[in-house]
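These are the residues of each chain, in order.
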Amino acid sequence: MKNLSSFLVLFLISGVRSFELVIGDIPDEVENLIDLEMDGFPSSPRARNGRYQRSTSDWGYDGDLVEDDDKVGLYSYKVQSTITSRLANTMIQAKMVNNARRPQPIMFDVQVPKGAFIDNFTMDINGITFTSHIREKSEARKMYAQAKAKGKAAGIVRSNALDMENFQTEVNVPPGMRIQFQLHYHEMIRRRLSSYEHVISVKPGRLAKHLEVDVRIIEPQGLRYVHVPNSLGDHFNGITTISKGEKKAHVSFKPTMDQQRKCPKCSSTAVDGNFVVQYDVNRETTGGELEIFNGYFIHFFAPENLDPLPKNILFVIDVSGSMWGLKMKQTIEAMKAILSELRAADQFSLIDFNHNVRCWRDNLVSATPAQVEDAKKYIQAIHPNGGTNINEALLRATFILNEAKSLGMLDPNSVSMIVLVSDGDPTVGELKLTTIQKNVKQSIKDEFSLFCLGIGFDVDYDFLQRIATDNRGMAHRIFGNQETSLQMKNFYNQVSTPLLRKIQFNYPQESVSDVTQSSFHNYFGGSEIVVAGKVDTENLQHLESIVTATAANAELVLETLRDVEELDGFMKKDKYADPDFTRKLWAYLTVNQMMAERNAAPTAALKRNITKSILQMSLDHHIVTPFTAMLIENAEKDEIMLADQPKDPRKGCCPGTLGLTPNAPNNNKGIPPWANVTAVPVSFMPEQRGSPTSSLTINRVDNDPHFTIHLPKSQKNICFNINSEPGKILNLVSDPGTGVVVNGQLVGAKKAENKKLNTYFGKIGFYFQKKGLKVEISTEKITLKDGSYAITLSWADTAHVIRKQLLISVKRESNVTITVGKEMSFMVLLHRVWKKHPVNVDFLGIYIPPENQFSPAAHGLIGQFVSEPEVSIHHQTPGQAPEKPQAIMEVKGNKLTVTRGVQKDYRTDRVLGTDVLCWFVHNSGKGFIDGHYRDYLVPHLYSFMKKP
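Residues numbered from 1 in each chain as written. Predicted model: local features only at pLDDT ≥ 70, side-chain atom pairs only at ≥ 80, totals over all residues. Heavy atoms only, no water.

Engineer: I'd love a proper account of the overall build of the protein chain, names of residues and values included.
Structural biologist: For the protein chain, the helix and strand inventory stands at twelve helices and 51 strands. Long-range contacts, defined as pairs at least 24 residues apart, comprise 68% of the intrachain contacts of the protein chain with a sequence gap of at least 6. (Helix = DSSP H or I, 4+ residues; strand = E, 2+ residues; numbered from the N terminus. Contact = heavy atoms within 4.5 Å.)

This is how it looks when you write it as C-alpha cells:
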C-alpha cells in the first residue's frame, strides 16, 4: 500500500461556517480556493448561527492548563491500541482549546506506521462533528468539485509516499473555541527477529493535562513475553506498567503533567518519540496456528528448532560516487560484520559496481575463515566514485549463480539469494527501470531471491520494491546516518537463517475460498508466514491444513486441524478483542497482495482488472488506498474535505509554506527534494510566539545580503547581515576535505538610500576541486568550466548539463540547481527588478541544505556550521517594537544581545517570499561567526579561504 501523509490547513469562520486550504501541487480545478475573511470571530461561548458552543468542561477536565505563550491548551492526548491476533487497531485523540484573544492555528500532527491503513478521521469543532467516508477517487473529486462550485466550504488533503507516514491537520481556531481530533488506523504486526514490535508515535508537542498510551494485547495462542523498551528515554523510567496474563496483556503509560516536563520548571514536554511494545506468542505445533472466526481463517506459521539451510549469497554493493563518506564507511563496517556471520556451509562472493562492475571472485567460494578475511580486506579497500550501473551488476550476479547451478556446485537443498545495496538510481548503462526489471526477472527465472537495501531517500524505493517482489524477495529502506551499519545488519539477520524452502499451504477447496498467497519460496528463522481466507463455517465442523516444505535434512508435510467454533467463546468473553480481526487481516493481506500483483502485471488489461479489484476491496472495507479518497463532511454536508494522493508519489505532499502565502503560485515542481520547505510546528519551537509562520530547515543568503543559518539540533534559525562593499568576494563554503568552494561577489545598488548603499550577490562561484570543475552564476548567465572546456547557458534557457557526474539544471528566469552525485545540492535564485528602477538591481540568492555532506574541515560563513555550535537563548524581554523582542544568546563563549526578526525564503513565492522567524545577531554576525566578517573576504571567485 502506498504510504499516506496528509496535511490540512483549515480556517474557521463564524461558528465553523467556512474554511480554506492552501495546498502545494493541487489540481487545476481547485487552484483558486475561497478567500479568507478574518473578521467576525466569535469570542463568546454562546450560540453562533444557532450552534451552541460547549465549554471545555464538557470534556470532563477542570482546573488550569499549562499553556505555551500561544495560549493553546492541550486537555488530553490519548492513544488507545488493541492488538487482536497481530491485528492492531489504533486510535489517536487530541483535545485542545484556544485560550488566546485572537484566532490562531492548532495542529494535529501524527505519524502512522508504514503500511498501516487509515480507516477513519473525525473532528469535533465546538460541537460540530466532521466524519469521513471512503469513495472511489474520481467520484470523490467530483463531489468535491461540485461542493466548491455550489459555493460550499471545500478543502483538500494531499498525501505522499514517504516511509514515514504523516497525517497533519492545521485548523485556525477562533478565541475560546475547542477542538477534538481523532484518527483511526489498523495494521498487521509482522514478526521480525523472533519478536512482534508495535510502534506508536507519541508526539503531543506540548504538555497535556491528561496523557495516556493504552495498549491491550489479546493473543489466543498465549503470550510468551511482553517487553516495553525504554524508547522514550530514561526520563520515563518506571512510569510504564505491564500486566500480563496467559493470553492477554495490558500496557499503560500515563505520565503526570510534572513527569512530562523536560525539567522541573520547564513548560515543554519530554514526550517526543516512539512508544514501542514487543512481544511473542507461544507455538505448540510446527504446522502453525489456525484461528477461525466470523467466516474467515488466519493461518500463522512460524516453525522453530529447525537446522538452517545452507545458502549461496552474492552481495552486490553500490560503490558509485554518491556512496562516498559516511554511507560507504557504514556499509563497509556492516559488510565486515555480516561476512563474519557466514556459516561454514555457506557459499558467497562479492560484486562492487559503479559505472564498471568488479567481482572479488568470479565464482562462489566456501565461507572459510581465510576466504572471509580476504573478502573483508577487499571491502575495506573500496573507494567510491563514478556512476551507477545497476543493470549490469545484477546480471553479473545472476550469471554467477546460474553458472554455479549448471555446473552442479549448488547443494540441491540450499537457498540462493542476491543482496543489492544501493543509494541511487542507475546513471550508467541501462537507465530504463522497467527494462532492468525485465532483464533481471528473465535472468533469475524464479530460481533465486533478490533482496534490496535502499540507502536514503534519493533511491527509487518503489523500483527496489518492485524488482525484489518480482523475484521472491523484499526491499527495505535504511537511512544514511550513523545507524546505517546497524540497520544493514538487522536486515541481513532477517534473511540470514533460511529454515525452509518451497513452502506450500493446502486447504480443502470445497470449504475455503479467496485464499491469499499460499506458496512461498523461503521461510527465514524469526519471521512468520501468514495466510488468510474465507471459510464456510455453516457447513464445516473442522478446518484442516496441510503444509509441505523442504527442510535442511527432510521433506516436511505438516498437518493442522481446528474446530471452526474453537475461538467463539474466547472472543465473546473479551470486551476488548476486535470481533472483526479475521476479516481485517484477510483484507489487509489481500489488498497488499493485489498491489504487488498490479506492479508486476505484464499487460495493461490485467493491471486494469487488478485495479478494479483493489478499488472494490477498498470501498468494501473502508480503507484509503491509491485508488480511493476519503471525504470528510459535517452533518449538513455543506462543508467538505478531500483526502487524496498526489500524482507523483516521489514528491512530498505538503511544503511548509502552506497557509503562509495563500496566493503564491505553485513553483515547487522543479525544486529538488531537499528544497521542499518543511514546516516546524509552533509547539516544537519555544522561542516562536504568536505567529503562524514556521522555521524553514535550510541555510540561505538572500537580499542585501541576509544570512539565515538553520541549526537542526536546536531547531533554531539564526540570522545576520554582512555590510561590505561592492566588488568584494565573501566565502560561503570552503571545504578542503571535499575540495568544494562556494563564494559570492557583491554588487551595489544604483545609489545609496539614507546614507547607506545596499549590496547584494551579483555573482556566485562554485569550485569542485576534485572534479576540476568551476561554475559561475551571474544575473546574466551560467557558465560551466572544465579546464579549457566551457559551456554557457542564459537565464532564458531551461536546460540540464552533466559533466563528470555534476548536474546543472536551469529553470528559465527562476533558479539554477547544482547536484553533485547524491552528496551535495545547491540552489541559486534569480531576482529580477524593473530595469528602470532608480535604486534596485538584479541579484542572486543561494540556498544550501544542511544535509550536504561537507567534511568536518569545512568553514566559511555557512560552512563553519557543519559542526553545529551549542546555542542557548534566554532572558527574553520586550523590544522597542512588540513583534521584535530581545534576548540573550550564548554561543561560542560569547553573550550576545539578539532580536527576534523575520527574513524571507523566496523559493516558493518569488515575489513576496515566505516569512521565516529567526534571532538576529547584530554587527555583521560578530560573536556568532568565527572571527570578523573581513576574515571571509577572498581574492578570487574560486579561492579557498584561510581560517580566521
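Engineer: Go over the packing of helix α3 (residues 326-340) against helix α8 (residues 484-495), please, and point to the residues and values.
Structural biologist: The angle between the axes and the distance between the axes are what describe a pair of packed helices. Running from amino to carboxyl end, α3 crosses α8 at an angle of 35°, the nearest separation of the two axes being 8 Å. The handedness of the crossing between α3 and α8 comes out as right-handed. The residues of α8 that touch α3, namely those facing Gln330, Thr331, Glu333, Ala334, Ala337 and Ile338, are Thr484, Ser485, Met488, Lys489 and Tyr492. Its residues placed into classes, the contact of α3 with α8 shows five nonpolar, four polar and two charged. (Axes fitted to C-alpha atoms, helices over the stretch in contact; angles between N-to-C directions. Left-handed = near helix turned anticlockwise from the far one by under 90°. Nonpolar A, V, L, I, M, F, W, Y, C, P; charged D, E, K, R; others polar.)

Engineer: If you had to explain helix α10 (residues 581-600) to someone new, which residues and values would you point to?
Structural biologist: Residues three or four positions apart in an α-helix share a direction because the helix packs 3.6 residues into each turn. In a regular helix each residue adds 1.5 Å, so 20 residues correspond to 28 Å; α10 covers 29 Å between its end C-alpha atoms and thus fits that length. For α10, the set of buried residues is Phe581, Thr582, Lys584, Leu585, Trp586, Ala587, Tyr588, Leu589, Thr590, Val591, Met594 and Met595. (Expected span 1.5 Å × (residues − 1). Buried < 20%, exposed > 50% of the residue type's maximum accessible area, 1.4 Å probe, protein only.)

Engineer: Go over the side chain of Arg501 with me, naming the residues and quoting the values.
Structural biologist: With respect to the helices, strands and loops of the structure, Arg501 is situated in strand β26 (residues 498-506). Glu555 is the oppositely charged side chain nearest to the buried, salt-bridge-free Arg501, at an N-O distance of 5.8 Å. A polar contact is formed between the side chain of Arg501 and the backbone oxygen of Pro412, at a distance of 3.2 Å. In contact with Arg501, not counting residues within four places along its chain, are Leu309, Pro412, Asn413, Ser414, Val415, His521, Asn522, Ala549 and Thr550. (Lys, Arg positive; Asp, Glu negative; His and termini not counted. Salt bridge = Lys/Arg side-chain N within 4 Å of Asp/Glu carboxyl O. Polar contact = N/O pair within 3.5 Å; in protein donor to acceptor, adjacent residues only side chain to side chain.)

Engineer: Could you give me a rundown of the side chain of Arg562, with the residues and numbers involved?
Structural biologist: Turning to its location among the elements, Arg562 is positioned in strand β31 (residues 555-563). Owing to a relative accessible area of 16%, Arg562 belongs among the buried residues under this scheme. Here the side chain of Arg562 touches Glu289 through a polar contact of 3.2 Å, side chain to side chain. In contact with Arg562, not counting residues within four places along its chain, are Gly288, Glu289, Leu290, Ile292, Gln541, His542 and Leu543.

Engineer: With reference to specific residues and values, describe the packing of aromatic side chains.
Structural biologist: Applying the stated criterion to the full structure yields 24 aromatic pairs. On the numbers, 6.3 Å between centres and 25° between planes, the contact of Phe108 with Phe121 is stacked. Of the two residues, Phe108 is situated in strand β4 (residues 104-112) and Phe121 in strand β5 (residues 117-125); the sequence distance between them amounts to 13 residues. Phe108 sits in the buried class, given a relative accessible area of 2%. Note on Phe253 and Phe275: the rings are 5.4 Å apart at their centroids and 35° apart in plane angle, and the pair reads as tilted. With Phe253 in strand β15 (residues 248-253) and Phe275 in strand β16 (residues 273-281), the pair connects residues that are 22 residues apart, well separated along the chain. Cation over ring: Arg86 sits above Phe300, and NZ or CZ is 3.7 Å from the ring centre. The ring centre of Phe570 lies 5.5 Å from the NZ or CZ of Lys247, which sits over that ring. (Phe/Tyr/Trp six-rings, centres within 6.5 Å; stacked < 30°, edge-to-face > 60°. Lys NZ or Arg CZ within 6 Å of the ring centre and 35° of its normal.)

Engineer: Kindly report on the state of the cysteines, identifying the contributing residues and their values.
Structural biologist: The full count for this structure, using the stated rule, is two disulfides. Here Cys263 connects covalently by a disulfide to Cys266, the sulfurs 1.8 Å from one another. Between Cys263 and Cys266 the sulfur-sulfur dihedral comes to about 95°; the bridge is accordingly right-handed. You can call Cys263 partly exposed: its relative accessible area is 31%. Here Cys719 engages in a disulfide with Cys918; their sulfurs sit 2.1 Å apart. Between Cys719 and Cys918 the sulfur-sulfur dihedral comes to about 75°; the bridge is accordingly right-handed. With a gap of 199 residues between them, Cys719 in strand β36 (residues 716-721) and Cys918 in strand β51 (residues 914-921) connect regions that are remote in the sequence. Residue Cys719 is classed as buried on the basis of its relative accessible area, which comes to 1%. (Disulfide = S-S within 2.5 Å.)

Engineer: Residues and numbers for the sheet that holds strand β17 (residues 289-293), please.
Structural biologist: Pairing is antiparallel in the open sheet, where four strands are placed in the order β17-β18-β29-β27. Each having just a single partner strand, β17 and β27 (512-513) make up the two edges of the open sheet. As defined by bridge partners, β27 adjoins strand β29 (residues 529-535) across two bridges and the pair is classed as antiparallel. Its bridge partner being in β29, Val512 is matched across the sheet by Val535. Contacts from α10 reach β17, β18 (296-301) and β29 within the one sheet, and its direction differs from that of β18 by about 70°. (Pairing = 2+ DSSP bridges.)

Engineer: Give a detailed account of the packing of helix α5 (residues 390-406) against helix α6 (residues 433-444), specifying residues and quantitative values.
Structural biologist: As a packed pair, α5 and α6 sit with axes 9 Å apart at the nearest point and diverge in direction by 5°. The pairing of α5 with α6 is recorded here as roughly parallel in orientation. Residues Asn391, Leu394, Leu395, Thr398 and Asn402 of α5 form the contact with α6, whose participating residues are Ile436, Asn439, Val440, Ser443 and Ile444. (Parallel < 35°, antiparallel > 145°, perpendicular 65-115°, else oblique.)

Engineer: Please set out the pattern of salt bridges residue by residue, giving values where relevant.
Structural biologist: Inspection of every chain in the model, using the stated rule, returns 33 salt bridges. The salt bridge involving Arg178 is made with Asp124; its shortest N-O contact spans 3.4 Å. Placement of the pair is Arg178 in strand β9 (residues 178-188) and Asp124 in strand β5, with a sequence separation of 54 residues. Both residues of the pair, Arg178 and Asp124, count as buried. Between Asp930 and Lys892 there is a salt bridge whose closest N-O contact spans 2.8 Å. With a gap of 38 residues between them, Asp930 in the segment after α12 (922-925) and Lys892 in the loop between β49 (886-891) and β50 (894-905) connect regions that are remote in the sequence. The exposure class of Asp930 is partly exposed, given its relative accessible area of 27%. Lys892 gets classed as partly exposed once you look at its relative accessible area, which sits at 36%.

Engineer: With reference to specific residues and values, describe the sheet that holds β31.
Structural biologist: Reading across from one edge, β28-β26-β30-β31 is the order of the four strands in this open sheet, with antiparallel pairing throughout. The open sheet has two edge strands with one neighbour each: β28 (519-524) and β31. Each neighbouring strand pair of the sheet contributes to a mean axis angle of 30°, computed without reference to strand direction. As judged from the nine bridges shared by strand β30 (residues 542-550) and β31, these two strands associate in the antiparallel manner. Paired with Leu543 across the strands is Arg562, a residue of β31.

Engineer: Lay out helix α11 (residues 604-620) in plain terms, naming residues and giving numbers.
Structural biologist: Spanning 17 residues, α11 covers 24 Å between terminal C-alpha atoms, matching the ideal 24 Å at 1.5 Å per step. If you check which residues of α11 are buried, you get Ile610, Thr611, Ile614, Met617 and Ser618. Looking straight down α11, one finds that the buried residues subtend no more than 125° of arc, so they occupy a single side. In this structure, α11 carries Arg608, Lys612 and Asp620 as exposed residues pointing more than 90 degrees from its buried face. The first or second residue beyond α11 is His622, which carries a positive phi of 55°. (Arc of directions from axis to C-beta.)

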